[in-house]
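Architecture at a glance
Chain by chain, the residues:
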Amino acid sequence: MLPVPRGWSFTEAAGLFISVSTAYGALLTRAAMTKNDVVLVHAAAGGTGLAAIQGMSYFLAKACGATVIATASTARKLDVPKSFGADYTVNYTDPDWPQKVKEITPGNRGVDIVFDPVGLVNASSKCTAWNGKILIIGFARGVVEMVPTNKVLLKNISLVGFHGEAYAYNERRTLVDNWGAIFGLIRDGKVRPMVFSDRDFTGLDAVKDALISLKDRETWGKVTVQIPKVADSHL
């Protein structure tokens, strides 16, 4: 069991796993992100997306003012990544979002790294730079894409998968090292809690409402359900 970070509540700590380790592992371990990269983060109001933005705020923007471009599906969800350090936001329900992303980048060259937990690889290839990397984190849309590989060839794009849980079986040392680095960021105040706070979910009866809110895409960050303590006399 991981310890609760100092200064964090149990609720905030509950929202830490597994988003931050996924973002760190994908960006640093798999994509070898550098201070000069321009990075596009999809679903940036989700727990993993927010973790990626925070990581980039430290490793990139802190180092040299690198650009972080975040996408989300609503105005409210675009406000959230902005508050966590994203430099630009783009609504990916706009059919022209790949072009808008390219226009943000210097010389319309496109982004160096795409962080995709949604399933937007094909569309993202339109705004990925030469020698760019697309990190395949998951398929939140529920569709496993079939990507035209001619786009991968013509731009020298690398499609990079990241299966965070599998590190526990295949590369445990890397997982341990990554968590050590993450807790170092927490101690330095570089990672903030990402718990959804627009609505309170308390008690087991609230689990249904929390799941409905998730299904209806009304939330951001990590959703937690508070379980009140039971008095000893009731046990």
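Residues numbered from 1 in each chain as written. Predicted model: local features only at pLDDT ≥ 70, side-chain atom pairs only at ≥ 80, totals over all residues. Heavy atoms only, no water.

What follows is about the UniProt feature "transmembrane region" (unreviewed entry) in the chain. What UniProt calls "transmembrane region" (unreviewed entry) maps, in this numbering, to residues 6-27 and 39-61. From the first C-alpha to the last, residues 6-27 spans 25 Å; its make-up is 64% helix and 0% strand. (UniProt positions renumbered as here; feature names shortened; annotations may be inferred. Helix = DSSP H or I, 4+ residues; strand = E, 2+ residues; numbered from the N terminus.)

Another point: the pairing of strand β4 (residues 111-116). Of all six residues in β4, six are buried, a share of seventy percent or more. Two elements, strand β1 (residues 39-41) and β4, share three bridges in a ladder whose sense is parallel. Across the sheet, the residue bridging to V41 is F115, located in β4. As judged from the five bridges shared by β4 and strand β5 (residues 128-136), these two strands associate in the parallel manner. Residue pairing in the sheet places V114 in a bridge with I134 of β5. (Buried < 20%, exposed > 50% of the residue type's maximum accessible area, 1.4 Å probe, protein only. Pairing = 2+ DSSP bridges.)

This brings us to empty space enclosed by the protein. By the definition in use, this model includes one cavity of 30 Å³ or more. By volume, the largest cavity is sized at about 80 Å³. V20, A23, Y24, A51 and G55 are, among the 13 residues lining the largest cavity, the residues nearest its centre. Elements supplying a minimum of two residues to the lining of the largest cavity: α2 (19-30) and α3 (47-64). (1 Å grid on protein atoms, 1.4 Å probe; cavity = no way out; pocket = protein on both sides within 12 Å on 5 of 7 lines; lining within 4 Å. Points joined across faces, edges and corners; volume = space filled by probe spheres on them.)

Okay, the packing of aromatic side chains next. Enumeration according to the criterion identifies four aromatic pairs in this entry. Pairing F196 with F201 gives two aromatic rings, centres 6.5 Å apart and planes at 25 degrees, and the pair type is stacked. With relative accessibility at 9%, the residue F196 sits in the buried group. F201 sits in the buried class, given a relative accessible area of 3%. (Phe/Tyr/Trp six-rings, centres within 6.5 Å; stacked < 30°, edge-to-face > 60°.)

If you look at the biggest cluster of nonpolar residues, it comprises 42 residues, and the most contacted ones within it are L27, V41, I53, M56, F115 and L135. Viewed by domain, this core spans two of them, domain 1 (10-166) and domain 2 (196-234), each represented by three or more residues. (Core = buried A, V, L, I, M, F, W, Y, C linked by side-chain atoms within 4.5 Å. Domains from an automatic or database assignment.)

The next thing to look at is the layout of surface pockets. By volume, the largest pocket is sized at about 700 Å³. Around the largest pocket, the lining comprises 31 residues; the ones closest to its centre are A43, G46, G47, P117 and A140. Of all the secondary-structure elements, those providing two or more residues to the lining of the largest pocket are α2 and α3. No other element matches the three residues that α3 contributes to the lining of the largest pocket. In the lining of the largest pocket, the residues fall into 14 nonpolar, twelve polar and five charged. Each of domain 1 (10-166) and domain 2 (196-234) contributes no fewer than three residues to the lining of the largest pocket. (Nonpolar A, V, L, I, M, F, W, Y, C, P; charged D, E, K, R; others polar.)

Turning to unusual backbone geometry, a few remarks are in order. A positive phi is found at A32, a non-glycine position, where the angle reads about 50 degrees. Checked against the element boundaries, A32 lands in the loop between α2 and β1. Here N108, not a glycine, exhibits a phi torsion of approximately 55 degrees, which is positive. Counting through the fold element by element, N108 comes out in the loop between α5 (97-104) and β4. The class for N108 is partly exposed, based on a relative accessible area of 37%.

This part takes up the side chain of S73. Along the polypeptide, S73 turns up in the loop between β2 (68-72) and α4 (75-83). Exposure remark for S73: the relative accessible area of 14% places this residue in the buried category. A distance of 3.4 Å separates polar atoms of two side chains, one belonging to S73 and the other to R217. Not counting residues up to four positions away in its chain, the partners in contact with S73 are N91, Y92, T93 and R217. (Polar contact = N/O pair within 3.5 Å; in protein donor to acceptor, adjacent residues only side chain to side chain. Contact = heavy atoms within 4.5 Å.)

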